[in-house]
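Summary of the model geometry
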Amino acid sequence: MPIYQSVTFSTAELDELGEILTDKRSGYAYARIANPTDEVLAAAIAELHGAEDGFVFATGMAAIHATLLSVLRTGDRIVCTRAVYGSTRSLLANVLGGIGIRTDFVDATDLAATEAALASEPTRVLYVETISNPTIVVADLAALAELANRHGAIFIVDNTFASPYLCRPLALGADLVVESATKYIGGHSDVLAGVAVGSRERIARLRAVQTDTGATLAPFAAFLVLRGLTTLALRMERHAATATALATWLERQPGIDSVYHPGLPSHPQAAIARRQLRLGGGMGSIHTIVAHPPSTTHRQLSDEEIVAAGISPGLLRCSVGLEDLEDLQADFAQALAAAREAATTESRPAVTGAEPAQPAAAVRP
Ligand SMILES: Cc1ncc(COP(=O)(O)O)c(C=O)c1O
């Protein structure tokens, strides 16, 4: 697909331009509204999701923002899983909260509690993540869709950590699916992008929000994401195989309290994961990245909100890339040994002249 690196598009007649701009005929007039490279990407992702239509955005957060604004008005209420990405929580609490849209957070793995929250007051949106960032909570999408439907709420699912290769939430009853294509779909840690898919009517509404809010995906970025899409299946198989093997190995390493991976029999929602996900996933990009959520991805949250999101201070998020399993095990083994050594040193009286030991949050001495 060519990169249509143009802001304006020409038409044979002025009337034609007017008709394109007023949606009376298809075509291109101004690249914030639509451009061909973005449209091909949106159609490809919509097809992977089995959706009628899709729309792409500059980032995953832009996709979530436009999707929520396309269905919410001041005075509306959202019920959201407490296991939600930090910026999404902040968007709900601070940005939407600031314009009179209230969010109540629930433990979405507790279906009775979720139903009670939905039943307690009129709810416009039920919002969950297929696999949550970073706590890897797996939401039972079919059961939650049924609850949302029963209580008249629009069911919106962030499928970033699954991608359409692992899970297609529309087939399980979701009304709208959002994804950060920055992760699996782009896949190479070199482009930011977001996507929303759903019915033609719902996508038309969020397209209208996007036209006036302007988080357009640049055509070169769309080209990079399209390149990523061609290897999505291959990468997902490899991410999942390596991540499952690494998680199984990590569970046996001294000093690790718990390992959360949807492919492990010890995962709290292992049965739902088996039913709902093609594979366990690996969460990321071509490169393995270890992050500390409280100081990075969830830094916008207060200490109380971090605890409420189910994140313990020693949680480390491992995004498993495409490297060889043996290399990763060797690297993790040396890192764990260093952390154990640091933790032991910390508990001993300080040696004169030594550097202060770093805290080894996830590792017991
Ligand atoms: C689950 C989830 N949703 C949304 C986003 C936001 O995506 P982006 O960084 O592309 O705006 C992220 C980013 O990490 C994420 O993990």
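Everything below is about the structure printed above this text.
Figured I'd write up the structure that's included with this text. (Residues numbered from 1 in each chain as written. Predicted model: local features only at pLDDT ≥ 70, side-chain atom pairs only at ≥ 80, totals over all residues. Heavy atoms only, no water.)

1. Brief notes about the overall build of the protein
In terms of regular secondary structure, the protein is built from 13 helices and nine strands. Taken over the C-alpha trace, the protein has a radius of gyration of 22 Å; the compact-globule value for 365 residues is 21 Å, and the two agree within 12%. Structurally, the protein occupies a C-alpha span of about 80 × 50 × 40 Å along its principal axes. Contacts spanning at least 24 positions in sequence make up 72% of the contacts within the protein whose residues lie at least 6 apart. Roughly 16600 Å² of accessible area belongs to the protein as shown, and the carbon and sulfur atoms make up 55% of that amount. Taking the average place of the 28 positive charges on the side chains of the protein and the average place of its 39 negative ones, the gap between the two points comes to 2 Å. (Helix = DSSP H or I, 4+ residues; strand = E, 2+ residues; numbered from the N terminus. Rg over C-alpha atoms; globule rule 2.2 N^0.38 Å. Contact = heavy atoms within 4.5 Å. Areas by Shrake-Rupley, 256 points an atom, 1.4 Å probe, with all protein chains shown as cover. Lys, Arg positive; Asp, Glu negative; His and termini not counted. Charge placed at Lys NZ, Arg CZ, Asp CG, Glu CD.)

2. What about the packing of helix α2 (residues 36–49) against helix α9 (residues 219–229)?
With their axes 8 Å apart at the nearest point, α2 and α9 run at an angle of 35° to one another. Note on packing geometry: the crossing formed by α2 with α9 is left-handed. Each of Thr37, Asp38, Val40, Leu41, Ala44, Ile45 and Leu48 in α2 lies in contact with α9, whose residues at this interface are Pro219, Ala222, Phe223, Val225, Leu226 and Leu229. Split by residue class, the contact of α2 with α9 holds 11 nonpolar, one polar and one charged. (Axes fitted to C-alpha atoms, helices over the stretch in contact; angles between N-to-C directions. Left-handed = near helix turned anticlockwise from the far one by under 90°. Nonpolar A, V, L, I, M, F, W, Y, C, P; charged D, E, K, R; others polar.)

3. Some thoughts on the pattern of salt bridges
Within the structure shown, the criterion is met by 12 salt bridges. Linking Arg102 and Asp104 is a salt bridge whose minimum nitrogen-to-oxygen distance equals 2.8 Å. Residue classification places Arg102 among the partly exposed residues on the basis of a relative accessible area of 37%. You can call Asp104 partly exposed: its relative accessible area is 23%. Across the pair Arg238 and Asp324 runs a salt bridge, and its minimum N-O distance is 3.2 Å. Here Asp324 lies in the loop between β9 (317–319) and α13 (325–347) and Arg238 lies in helix α10 (residues 232–251), a separation of 86 residues in the sequence. A single network of salt bridges, built from pairs that share partners, joins Arg77, Arg102, Asp104 and Glu121. (Salt bridge = Lys/Arg side-chain N within 4 Å of Asp/Glu carboxyl O. Buried < 20%, exposed > 50% of the residue type's maximum accessible area, 1.4 Å probe, protein only.)

4. A look at the nonpolar core
Counting 53 residues, the largest nonpolar core has Leu41, Leu126, Val128, Leu144, Phe155 and Val197 as the members making the most contacts within it. Among the elements that make up this core, the one with the highest residue count is α9 (six residues). With near-sequence residues (within four places) excluded, Val128 lies in contact with Thr81, Ala108, Ala139, Leu141, Leu144, Phe155, Ile156, Val157 and Asp158. (Core = buried A, V, L, I, M, F, W, Y, C linked by side-chain atoms within 4.5 Å.)

5. Some details on the site of the ligand
Lining the immediate surroundings of the ligand are 14 residues, of which Asn133, Asp158, Ser180, Thr182 and Lys183 lie closest. In this structure, an oxygen atom belonging to the ligand sits 2.9 Å away from a main-chain N or O atom of Gly60. Per element, the largest residue contribution to the shell around the ligand is three residues, and it comes from helix α3 (residues 60–69). Here the residues of the shell around the ligand are counted per class, giving five nonpolar, six polar and three charged. (Near = heavy atom within 4 Å. Polar contact = N/O pair within 3.5 Å; in protein donor to acceptor, adjacent residues only side chain to side chain.)

6. A word on the environment of Leu92
By the secondary structure assignment, Leu92 is in helix α4 (residues 86–96). In this structure Leu92 comes out as buried when scored by relative accessible area, which is 1%. Between the C-alpha atoms of Leu92 and Tyr4, which are 88 residues apart in sequence, the distance is 34 Å. If we ignore the near neighbours within four places in the chain, the residues touching Leu92 are Leu68, Ile78, Cys80, Gly97, Ile101, Thr103 and Phe105.

7. Let's talk about the packing of aromatic side chains
Under the definition given, this model contains three aromatic pairs. Relative to Phe223, the ring of Phe220 lies with its centre 6.1 Å away and its plane at 15°, an arrangement referred to as stacked. With Phe220 and Phe223 both in helix α9, this residue pair falls three residues apart, about one helical turn. According to the relative accessible area criterion, Phe223 is partly exposed, its value standing at 32%. A cation over an aromatic ring shows up here: Arg89 above the ring of Phe105, its NZ or CZ 3.9 Å from the ring centre. In this arrangement the basic side chain of Arg278 is found over the ring face of Tyr165, its NZ or CZ atom lying 4.0 Å from the centre. (Phe/Tyr/Trp six-rings, centres within 6.5 Å; stacked < 30°, edge-to-face > 60°. Lys NZ or Arg CZ within 6 Å of the ring centre and 35° of its normal.)

8. Digging into the pairing of strand β1 (residues 53–57)
Within β1, five of the five residues are buried, leaving the element largely enclosed by the surrounding structure. Residues Asp53, Phe55 and Phe57 of β1 are buried on one face, and the alternating residues Gly54 and Val56, pointing to the opposite face, are buried as well. In terms of strand pairing, β1 meets strand β7 (residues 194–198) through five bridges, oriented antiparallel. Residue Phe57 lies in a different strand from β7, and its bridge partner there is Gly194. (Pairing = 2+ DSSP bridges.)

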